[in-house]
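Here is how the chains run, residue by residue.
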Amino acid sequence: MTQANKGNSSETEPKPVFKARDDRFHFGDLGADDWWATETAWFSFHCPERKMGGWLYTLVRPNIGTVAGGAWVWDDSAHLPWNALYSANFSALELPRNQDLDDIDLPTGVSVRAVEACTSYELSYLDEGRLTVSLQFNGVMPPEPLTAAGSTFGRASHFDQIGRVHGTIVLHGERIEIDCFSFRDRTWGRRREDRPRQAAYVTGCAGADEGFLAVTNVDKQANPIAYGFLRRNGETIPIKHGERIIERDAREGWVTRVVIQGEDLSGRRLHMIGTPQSRIILNRHSFIDVNSLILWESDKVQAWGEDQDMWPVHTWSKARRERTQN
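Here is a short report on the structure shown in this document. (Residues numbered from 1 in each chain as written. Predicted model: local features only at pLDDT ≥ 70, side-chain atom pairs only at ≥ 80, totals over all residues. Heavy atoms only, no water.)

### What about the pattern of salt bridges?
Under the convention used in this document: Salt-bridge detection follows one rule: a side-chain nitrogen of Lys or Arg within 4 Å of a carboxyl oxygen of Asp or Glu.
The full count for this structure, using the stated rule, is 24 salt bridges. Taken together, the shared-partner salt bridges in this structure form one network comprising R244, R248, D307 and D309.

### Focus on the packing of aromatic side chains
Filter applied, for reference: Working definition: rings of Phe, Tyr and Trp (its six-membered ring) pair if their centres are within 6.5 Å, and the pair is stacked with planes under 30 degrees apart, edge-to-face with planes over 60 apart, and tilted otherwise. Strands are runs of DSSP state E lasting at least 2 residues, helices are runs of H or I lasting at least 4, and numbering of each runs from the N terminus. Three labels apply to residues, based on accessible area from a 1.4 Å probe with only protein chains included: buried if under 20% of the type maximum, exposed if over 50%, partly exposed otherwise in between.
For the structure shown, the criterion picks out 15 aromatic pairs. Where F159 meets W188, the ring centres are 6.4 Å apart and the plane angle is 80 degrees; that geometry is what we call edge-to-face. With F159 in strand β10 (residues 157-171) and W188 in strand β11 (residues 174-190), the pair connects residues that are 29 residues apart, well separated along the chain. In this structure, F159 and W188 share a single accessibility class: buried. On the numbers, 5.2 Å between centres and 80 degrees between planes, the contact of F212 with W296 is edge-to-face. With a gap of 84 residues between them, F212 in strand β13 (residues 210-217) and W296 in strand β18 (residues 287-297) connect regions that are remote in the sequence.

### Some remarks on the sheet that holds strand β12 (residues 199-207)
Using the following cut-off: Pairs of strands are assigned from DSSP output, requiring at least two bridges between the strands. Simply put, an axis is a line fit to the C-alpha atoms, just over the touching stretch for a helix, and the angle between two N-to-C directions goes from 0 to 180 degrees. In this description, contact between two residues means that some pair of their heavy atoms is separated by no more than 4.5 Å.
Read once around its circumference, the closed barrel built from eight strands follows the order β12-β13-β14-β15-β16-β17-β18-β19, with strand pairing classed as antiparallel. Across the sheet, the mean angle from the axis of one strand to that of its neighbour is 25 degrees, orientation sign disregarded. As paired strands, β12 and β13 are joined by eight bridges and run antiparallel to one another. Bridging across to β13, G207 finds its partner in E210. Across the sheet, helix α2 (residues 313-325) is in contact with β15 (235-248), β17 (269-284), β18 and β19 (302-312); its angle to β19 comes to roughly 95 degrees.

### Some remarks on empty space enclosed by the protein
Stated formally: Residues are said to line a cavity or pocket when one of their atoms sits within 4 Å of a point; the points come from a 1 Å grid over protein atoms alone, cavities being sets where a 1.4 Å probe fits but cannot get out and pockets being open sets with protein on both sides within 12 Å along at least five of seven lines. Grid points are joined across faces, edges and corners, and a volume is the space filled by probe spheres set on the points. Polar here means any residue other than Ala, Val, Leu, Ile, Met, Phe, Trp, Tyr, Cys and Pro, which are nonpolar, and Asp, Glu, Lys and Arg, which are charged; Gly is therefore polar.
A full pass over the atoms with the stated rule returns two cavities of 30 Å³ or more. The calculated volume of the largest cavity comes to roughly 70 Å³. The wall of the largest cavity is formed by D23, A41, F43, L101, D102, V112, A114, Y121, R184 and R186. Of all the secondary-structure elements, those providing two or more residues to the lining of the largest cavity are β1 (37-47), β6 (110-116) and β11. For the lining of the largest cavity, the class distribution of residues is six nonpolar, no polar and four charged. Among the secondary structure elements, those contributing two or more residues to the lining of the second largest cavity are β1, β11, β12 and β19. Considering only residue class, the lining of the second largest cavity consists of four nonpolar, six polar and one charged.

This is the structure:
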């Protein structure tokens, strides 16, 4: 796939199919003159018994020659990045021009090797003495394309994928085994640093055949789902409608309970109740991401995932001032 999605899709329109080409950079498709041409690659993992979450994240701006991102690992001992188990968030390192994204060692410490196109990846990270990551992501479903322009991803080319993530990390000298089902995503398109609006990116996985994604917008009454999917019994179907219902800590402002409910295009119902187990607050240029590791429960399954509660900095600050004053 080489073109951005246009508008909302119908049930009869074929889904974009992602191929080996999409494991590599799309610089030619982004244009050579746009300052905000951007490409991202995100992989997540977690260790439930330790309430530990982790990210490897890469953001590239080819026309200005920079790569940003790095790695984060957190648990319930701290929520600020400078107090978390590990946080390395680079903003503008030099982009290597002699490597492609399917086989690359980045100056942020992140390395990615595509083992099987659009499916299997060897992931590593190296910060000697602090964090070493050696993981493999094996997709359990094909990449699911963004098929609506109403979410925070806009008209960018974007996909999400559930996979089994297994391997080890060595954190401050301690070896920790990782074996979980988690998410990755990929985006290429125009992404301004002053573009953010309030939104949420919510994931859950109960196994290879069970999971969901809900990308929500925010209005005064509700958090409607703009884009997402429900995976059940190995079948992945886009969500037709739904919402994210949240409770917040009166003092800190972060999420303390999340309910995701909705219906997919085939009529299957989604209803999951989530309880944050740990969180980290990431400052990502002009917005913050209050990212919680979530234990999801329903009457049938238990799942793990994330609630990425994204706010423009000034909107968050205003909300906090108003809570303090009241």
